[in-house]
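Architecture at a glance
Each chain, written out:
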Amino acid sequence: MDTAAGLLISPRALARELAGDVVPVLIDARWRLGGPPGAASYQAAHLPGAVFVDLDRDLAGPPGAGGRHPLPDAASFQAAMRRAGVSARRPVVAYDDGDGVAASRAWWTLRYFGHEQVRVLDGGFSAWTAAGLPVTAGGPAASSGDFTAVPGGMPVLDAGGAAVLARSGVLLDVRTAERYRGETEPVDPVAGHIPGALSSPVTGSMTDGGRFRSPAELAERFAALGAVTGRPAGAYCGSGVTAAREVLALALAGVPAALYVGSWSGWITDPGRPVATGGDPG
């Protein structure tokens, strides 16, 4: 099979589906922290029929106490997905440049709001073009869907829940080890990590070519951190974007996990919350 537990799809398998009877909605979620805007890349070249979805505008709400990329409200997300042609009974495939970060956020947000048929293109746009598959430029024909956003389809953590999970289960901090230890913080005003969280840089879930590791490799990696089926697990990053990729990696390994959407940027909005530094969980 070209999919892993119905969560990923390869470029060749996607090409076959696009030529078949049930054509998935394609979401181009290309995005980089700090830019450049993904819309420019989309206009230059994208998968045929894909619709661009802006992560900052469509897959997150306004920054604030909930962090830099909090959940969008259901009405706004529903409207954005309908503009992209998303319908409840039609499968969706999300892709980004190739690292899976933004596509995983699209996957997670759609799943959270109730869509049950969402996959990520493994390797993204880079893998698609490397396979010699066609691209197009400009925008697609106008489309509208009937998707209804119903919150609660994926487990989430708030700050209190993250603090408890760090002590009673496994809370993975997927930022770089230097950020976890508090040695550097290039984005947020406070450095360190949530006390009790374990350092698990998200790059460990990917191959050098930007693909997800096999389910067996991922299961072995997470088991070494104590994240196994039956034990509560969760993940966070700087603002709940990169950690969505780790939640997807955990799902591939057979480990259900919650996302702390506010993540570090939300945690530090309350100066009363404790901060740990150094290599130990604290």
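Below you will find a few notes about this structure. (Residues numbered from 1 in each chain as written. Predicted model: local features only at pLDDT ≥ 70, side-chain atom pairs only at ≥ 80, totals over all residues. Heavy atoms only, no water.)

Moving on, we come to the overall build of the protein. Regarding its fold elements, the protein presents eleven helices and ten strands. Over its C-alpha trace the protein gives a radius of gyration of 18 Å, about what one expects of a compact globule, namely 19 Å for 282 residues. The buried share of the protein, reckoned over its 282 residues, is 51%. Intrachain contacts of the protein at a sequence separation of at least 6 include 76% that bridge at least 24 residues. As displayed, the protein offers around 11500 Å² of accessible surface, 55% of which is attributable to carbon and sulfur atoms. Taking the 23 positively charged and 26 negatively charged side chains of the protein as two groups, their mean positions are separated by 2 Å. (Helix = DSSP H or I, 4+ residues; strand = E, 2+ residues; numbered from the N terminus. Rg over C-alpha atoms; globule rule 2.2 N^0.38 Å. Buried < 20%, exposed > 50% of the residue type's maximum accessible area, 1.4 Å probe, protein only. Contact = heavy atoms within 4.5 Å. Areas by Shrake-Rupley, 256 points an atom, 1.4 Å probe, with all protein chains shown as cover. Lys, Arg positive; Asp, Glu negative; His and termini not counted. Charge placed at Lys NZ, Arg CZ, Asp CG, Glu CD.)

Time to look at the pattern of salt bridges. Under the criterion given, the structure shown has 15 salt bridges. Across the pair D58 and R57 runs a salt bridge, and its minimum N-O distance is 2.9 Å. Residue classification places R57 among the exposed positions, given a relative accessible area of 55%. In this structure, R181 and E183 form a salt bridge, with 2.7 Å as the shortest nitrogen-oxygen distance. (Salt bridge = Lys/Arg side-chain N within 4 Å of Asp/Glu carboxyl O.)

Interhelical geometry of helix α9 (residues 215-224) versus helix α10 (residues 242-252) gives an angle of 110 degrees and a closest axis separation of 8 Å. Taken as axis vectors, α9 and α10 run roughly perpendicular relative to one another. Packed against α9, whose contacting residues are P215, L218, R221 and F222, the element α10 presents E246, A249, L250 and L252 at the interface. Across the contact of α9 with α10, the residue classes tally to six nonpolar, no polar and two charged. (Axes fitted to C-alpha atoms, helices over the stretch in contact; angles between N-to-C directions. Parallel < 35°, antiparallel > 145°, perpendicular 65-115°, else oblique. Nonpolar A, V, L, I, M, F, W, Y, C, P; charged D, E, K, R; others polar.)

Within helix α1 (residues 11-18), burial applies to P11, A13 and L14. For α1, the angular spread of buried residues about the axis comes to 160 degrees, placing them on one side. Where α1 is buried, its residues contact β1 (8-9), β2 (25-28), β4 (92-95), β5 (118-121) and α6 (124-130). (Arc of directions from axis to C-beta.)

This part is about the pairing of β4. Note on strand geometry: in a regular strand, side chains alternate between the two faces of the sheet. Because side chains alternate across β4, one face comprises the buried residues V92 and A94, and the other comprises V93 and Y95, equally buried. As paired strands, β2 and β4 are joined by four bridges and run parallel to one another. Looking across to β4, one finds that L26 is bridged to V93. Here three bridges tie β4 to β5, and the two strands are oriented parallel to one another. The residue bridging V93 from the neighbouring strand is R119, located in β5. You can see the chain leave β4, run along helix α5 (residues 101-112) and come back into β5, and the turn it takes is right-handed. (Pairing = 2+ DSSP bridges. Right-handed = clockwise from strand over helix to strand, strands pointing away.)

Turning next to the pairing of β5. The alternating pattern of β5 places V118 and V120 and R119 and L121 on opposite faces, both of which are buried. Direction of pairing for β1 relative to β5: parallel, over a ladder of two bridges. Pairing of L8 across the sheet is with V120, part of β5.

Here we come to the packing of α5 against α10. The geometry of α5 relative to α10 is characterised by a closest axis approach of 7 Å and an angle of 70 degrees between their N-to-C directions. The angle between the axes of α5 and α10 places the two elements in the roughly perpendicular class. Taking contact as the criterion, the partners of V101, S104, R105, W107 and W108 in α5 are, on α10, T242, A244, R245, V247 and L248. Class assignment of the residues belonging to the contact of α5 with α10 gives a composition of six nonpolar, two polar and two charged.

To continue, consider the side chain of S87. Among the structural elements, S87 can be located in the loop between α4 (74-83) and β4. Given a relative accessible area of 17%, S87 falls into the buried group. Filtering out sequence-adjacent residues up to four positions away, S87 remains in contact with H115, G145, D146 and F147.

What follows covers the sheet that holds β2. Taken together, the five strands give an open sheet; going across it, the order is β1-β5-β4-β2-β3, and neighbouring strands pair in parallel fashion. Strands with a single pairing partner mark the edges of an open sheet, and in this sheet they are β1 and β3 (51-52). With respect to the sheet, α5 is in contact with β2, β4 and β5, its orientation differing from that of β5 by roughly 180 degrees.

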